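Descriptive analysis of the structure
Spelled out, the chains give:
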Amino acid sequence: MKKFIEELIEYKNFKELTPIQKEVIPLAMENKNVIALSATGSGKTHAFLIPIMEQIDFTNKKLQAIIMSPTRELATQIYNMAIEFTKFNKDINIKLLVGGIERKKDDTNTSFQIIIGTPGRVKDYCVSNAKVNINTVKTIVLDEIDMIFELNFMEDIDEIVSRIKKVQILAFSATLSKDMKPFIAKYLTNAKTVQINEKTSSNVSFYSINTKHKEKEEVVLELTKCINPYVCLIFASKKKDVEKIYDKLNSQGLSIGMLHGDLESRERKQIYKRILNEEFTYVVCSDIASRGLDINSVTHVINVDFPKEKEYFFHRAGRTGRMNQTGSCYVLYNEEEKKFIKDLKENSGLNLNEVVIKGTNINPAKIRERKVSKSDEVLNQEIKKTVNKTKTKKVKPNYKKKVKEAVAKVKSKHKRQIIKDDIKKRQQERAKERTKAMKNGY
């Protein structure tokens, strides 16, 4: 390893490589294409910065590496981490290409080895305006590739990658969607896939809260009276929900910031800066807007709803319990979202504790087991008989449909019988009351 890299590692006080770094760095050094899947806070950035710094020829002023991220905040964060290497090697030249930065009129200096930026700005600079020759690029990094797809940046990526004859691609993400398969098949040939299965820190405790008939912003407000966070991130998928929760908590005088994709560039930049400076106790944000945040002081995470992809839930939860600190992750759900809670409990290996809010306390919920009535037992037996009767040795067309219809008839008949029995019972009770009244002389 080059001396200046060792000096940076000592400066950063890195004790040992993280699991993702141990897996990715050797592969990257062998010029392999890599798809790396790991949760936030796992050390992905240095997993690609270290091999890039190791392989670049700093006596050569030509462009050798491009790093692209979906948001300007995340790109800027990577740039700031990359710039730290220049403290120990003055020959490193890095250019940041993101929106919201004033473009210099005299932008003639192209003697840099690394470009870091958002796909659109990188494409404009390298392809549309052809400010540099990208054929000298040896490595391209796609950070948060799942979000790059989600924000429809793949055309820009394709414009860049297709112009380079031979290039190593390192793709990093929390999860991969089916939509990425064509790109992977086209450019990431023979890629080595690295997946770190530890979804969140073992220091994170998970809690679920049934909101029942209450609005979720009301429950969030109740929850804030029970916890004492250093920094609490509140996640909501929709912009309108982010704004609704912000308005509710802000009206109560809480120290809160708001972050979503529709904020104006300047306002968003200011909010990011204030969040990173830990000026807010609470930050309510959307998944996309928060992807550039890297805060080690988050003690609590509140999920107001569930993201489209289950993996994103763990991406949210991974914002706390970092740097050997403990964290708490709360999940609010209503009756319609019970399926997600059930899936988390049964298929994700999470110890999800059901709790209730009582005043300023959070107490374990009393789980009532539903007793099976005699009527339900009769119905289950009837359904079983019907299914067995409908079964055939040879599976015929529409078999499942016929079974479903037969079961539906049994349930309908059972329901009608319950109603009849209930009516009969009520009639008998009224008859008894009339007889009793007549005896008493009413």
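For the structure itself, look to the data block above.
A brief report on the enclosed structure follows. All chains use their own residue numbering, which begins from 1 and follows the written sequence. Totals for whole chains, interfaces and linings use all residues, but because this is a predicted model, local features are given only for residues with pLDDT of at least 70 and pairs of side-chain atoms are given and counted only at 80 or more. Side-chain figures throughout are based on the complete set of non-hydrogen atoms in the structure, without hydrogens or water.

On to the overall build of the protein chain, then. A run of DSSP states H or I qualifies as a helix once it reaches four residues; a run of E qualifies as a strand once it reaches two. Both are numbered from the N-terminal end. For the protein chain, the count of helices and strands is 16 helices and 15 strands. When a residue's accessible area, from a 1.4 Å probe over protein chains only, is under 20% of the maximum for its type it is buried; when over 50% it is exposed; and in between it is partly exposed. In the protein chain, which comprises 442 residues, the proportion classed as buried is 47%. Residues are treated as being in contact if the distance between any of their heavy atoms lies within 4.5 Å. A separation of at least 24 residues holds for 74% of the contacts in the protein chain among residues at least 6 apart in sequence. With the model as given, the accessible surface of the protein chain reaches about 25700 Å², and the carbon-plus-sulfur share is 47%. Accessibility throughout is a Shrake-Rupley quantity obtained with a 1.4 Å probe, and a residue counts as covered only by protein chains that appear here.

This paragraph deals with helix H4 (residues 72–83). To estimate how far a helix should extend, the number of its residues minus one is multiplied by 1.5 Å. Compared with the 16 Å implied by 1.5 Å per residue over 12 residues, the 16 Å span of H4 between its first and last C-alpha is a close match. Burial in H4 covers these residues: Glu73, Leu74, Ala75, Gln77, Ile78, Met81 and Ala82. Summarising the contacts, the buried residues of H4 are in contact with helix H3 (44–55), strand E2 (65–68), strand E3 (94–97), strand E4 (114–117) and helix H11 (265–276).

What helix H7 (residues 154–161) keeps buried is the set Met154, Asp156, Ile157, Ile160 and Val161. Seen end-on, H7 carries its buried residues on one side only, within an arc spanning 155 degrees. In this fold, the buried residues of H7 make contact with E2, helix H5 (119–128), strand E5 (139–142), helix H6 (145–150), strand E6 (168–173) and helix H8 (181–187). Within this analysis, the arc is defined by the directions that extend from the helix axis to the C-beta atoms.

Aromatic contacts are taken between Phe, Tyr and Trp rings whose centres are within 6.5 Å, Trp giving its six-membered ring; a plane angle under 30 degrees counts as stacked, one over 60 as edge-to-face, and the others as tilted. Scanning the model with the defined rule gives 12 aromatic pairs in all. Both rings, one in Tyr207 and one in Tyr330, keep their centres 5.1 Å apart while their planes meet at 25 degrees; by these two values the pair is stacked. Taken together, the residues Tyr207 in strand E8 (residues 204–210) and Tyr330 in strand E13 (residues 327–333) connect sequence positions 123 residues apart. Given the relative accessible area of 6%, Tyr330 is considered buried. Centroid distance Phe313 to Phe314: 5.4 Å. Interplanar angle 85 degrees. Geometry classified as edge-to-face. Comparing Phe313 with Phe314, the two get one shared label, buried. One aromatic cluster is present, formed by Phe206, Phe306, Phe313, Phe314 and Phe340 through successive ring pairs.

This brings us to the pairing of strand E15 (residues 361–364). The pairing of strand E14 (residues 352–358) with E15 spans four bridges and is classified as antiparallel. Following the sheet pairing, Lys358 is matched in E15 by Asn361. Only when DSSP finds a minimum of two bridges between them are two strands counted as paired. Once E14 ends, the chain turns through two residues before running back antiparallel as E15, passing Gly359 with a positive phi of about 65 degrees.

Attention now goes to unusual backbone geometry. Unusually for a residue other than glycine, Ala130 sits at a positive phi of about 45 degrees. You will see that Asn190, though not glycine, has its phi angle at about 55 degrees, which is positive. By the secondary structure assignment, Asn190 is in the loop between H8 and strand E7 (192–195). The class of Asn190 is exposed, set by a relative accessible area of 73%.

Bringing the pattern of salt bridges into the picture now. Any carboxyl oxygen of Asp or Glu within 4 Å of a side-chain nitrogen of Lys or Arg constitutes a salt bridge here. Throughout the structure, instances matching the rule amount to 13 salt bridges. The salt bridge involving Lys12 is made with Glu84; its shortest N-O contact spans 3.1 Å. Residue Lys12 is found in the loop between helix H1 (3–11) and helix H2 (19–29), and its partner Glu84 is found in the loop between H4 and E3; the two are separated by 72 residues along the sequence. The class of Lys12 is partly exposed, set by a relative accessible area of 28%. Among the salt bridges present, the one from Asp305 reaches Arg316, with a minimum N-O distance of 3.3 Å. Residue Asp305 is located in the loop between strand E12 (300–303) and helix H13 (310–317), and its partner Arg316 is located in helix H13; the two are separated by 11 residues in the primary sequence. Taking relative accessible area as the criterion, Arg316 reaches 0% and is therefore assigned buried. One network of salt bridges, with partners in common, ties together Lys239, Glu243 and Asp262.

For the rest of this paragraph, the subject is the packing of helix H9 (residues 216–224) against helix H10 (residues 239–251). In a packed pair of helices, the relevant descriptors are the angle between the two axes and the axis-to-axis distance. Only the stretch in contact is used when fitting a helix axis, every axis being a line fitted to C-alpha atoms; angles between N-to-C directions are given from 0 to 180 degrees. At a closest axis distance of 9 Å, the pairing of H9 and H10 adopts a crossing angle of 45 degrees. In terms of orientation, H9 lies oblique with respect to H10. Taken as a pair, H9 and H10 cross one another with a handedness that is right-handed. Across the interface between the two elements, Glu217, Glu218, Val220, Leu221 and Thr224 from H9 touch Lys244, Ile245, Lys248 and Leu249 from H10. Gly is placed with the polar residues, together with every amino acid not listed as nonpolar (Ala, Val, Leu, Ile, Met, Phe, Trp, Tyr, Cys and Pro) or charged (Asp, Glu, Lys and Arg). Residues of the contact of H9 with H10, tallied by class, amount to four nonpolar, one polar and four charged. Comment on the angle field: the value is read as roughly parallel under 35 degrees, roughly antiparallel over 145, roughly perpendicular from 65 to 115, and oblique elsewhere. Note on convention: near helix rotated counterclockwise from far helix by under a right angle means a left-handed crossing. Clockwise means right-handed.

Okay, the pairing of E12 next. Burial of E12 is two-sided: the residues His300 and Ile302 facing one way and the residues Val301 and Asn303 facing the other way are all buried. Bridge analysis of strand E9 (residues 232–235) against E12 gives four bridges, and the strand direction is parallel. Bridge pairing in E12 places Phe235 opposite Asn303. In terms of strand pairing, E12 meets E13 through four bridges, oriented parallel. Residue Ile302 lies in a different strand from E13, and its bridge partner there is Tyr330.

The strand order E3-E4-E2-E5-E6-E1-E7 describes an open sheet built from seven strands, whose pairing is parallel. Pairing within the sheet leaves two strands with one partner each, and these edge strands are E3 and E7. The sheet shows a mean angle of 15 degrees between the axes of neighbouring strands, taken without regard to direction. Across four bridges, strand E1 (residues 34–37) lies against E6 in parallel orientation. Bridging across to E6, Val34 finds its partner in Leu170. Each of E2, E3 and E4 touches H4; the most contacted strand, E3, lies at about 170 degrees to it.

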